[in-house]
Amino acid sequence: MTVLLCTILIGAVNILWSGFVTSVLWGWFIVPLGIQPVTFLHAAGIGCVLAAFLGVRGLNLERTKGLSTRDAITMGFAAALTIPAMLLLFGWVIHLLML
């Protein structure tokens, strides 16, 4: 039961954080092309739609093999926070180079 609740929590954190990152990147790179801006909720919804079409990325089972449940959950949280943060960082650098 704990694993299920943690999985749901990781998914929610990932959707919300990715929605924020997507809305910021959209504003930096898509809006200047003449496309309308999207809100945080629109960006989170777009992420859900893409996940429905492309499939949800999960942890690589080979990577988590041999890890405790706690360590696997920690890896899930780390990935849910780190990957969008890295995209935001690289997007910010590119955005600065475009100014």
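On a predicted model such as this, the values are computed, not experimentally measured, just so you know. (Residues numbered from 1 in each chain as written. Predicted model: local features only at pLDDT ≥ 70, side-chain atom pairs only at ≥ 80, totals over all residues. Heavy atoms only, no water.)

Asker: Got a sec to walk through helix H1 (residues 2-29)? Specific residues and values, please.
Answerer: Spanning 28 residues, H1 covers 40 Å between terminal C-alpha atoms, matching the ideal 40 Å at 1.5 Å per step. Listed as buried for H1 are Cys6, Ile10, Gly19, Val21, Ser23 and Trp28. At its buried positions, H1 is contacted by helix H2 (40-54) and helix H4 (69-98). (Helix = DSSP H or I, 4+ residues; strand = E, 2+ residues; numbered from the N terminus. Expected span 1.5 Å × (residues − 1). Buried < 20%, exposed > 50% of the residue type's maximum accessible area, 1.4 Å probe, protein only. Contact = heavy atoms within 4.5 Å.)

Asker: Can you explain the packing of H1 against H4? Please cite residues and give values.
Answerer: Where H1 contacts H4, the two axes come as close as 10 Å, and the packing angle between them is 0 degrees. Regarding the angle of H1 to H4, the classification is roughly parallel. Grouping the amino acids of the contact of H1 with H4 by side-chain chemistry returns 23 nonpolar, 6 polar and no charged. (Axes fitted to C-alpha atoms, helices over the stretch in contact; angles between N-to-C directions. Parallel < 35°, antiparallel > 145°, perpendicular 65-115°, else oblique. Nonpolar A, V, L, I, M, F, W, Y, C, P; charged D, E, K, R; others polar.)

Asker: Which residues make up the packing of aromatic side chains, and what values do they have?
Answerer: We describe a pair of aromatic rings using the distance from one ring centre to the other and the angle between the two ring planes. Scanning all chains against the criterion turns up 2 aromatic pairs. Ring plane angle 15 degrees and centroid distance 5.7 Å describe the contact between Trp17 and Phe20, whose orientation is recorded as stacked. Taken together, the residues Trp17 and Phe20, both in helix H1 and 3 residues apart, mark about one turn of the helix. Here Trp17 falls in the partly exposed class, since its relative accessible area comes to 25%. Given a relative accessible area of 37%, Phe20 falls into the partly exposed group. With a centroid separation of 6.3 Å and an interplanar angle of 90 degrees, the aromatic rings of Trp28 and Phe29 are classed as edge-to-face. Assessed through its relative accessible area of 23%, Phe29 is described here as partly exposed. (Phe/Tyr/Trp six-rings, centres within 6.5 Å; stacked < 30°, edge-to-face > 60°.)

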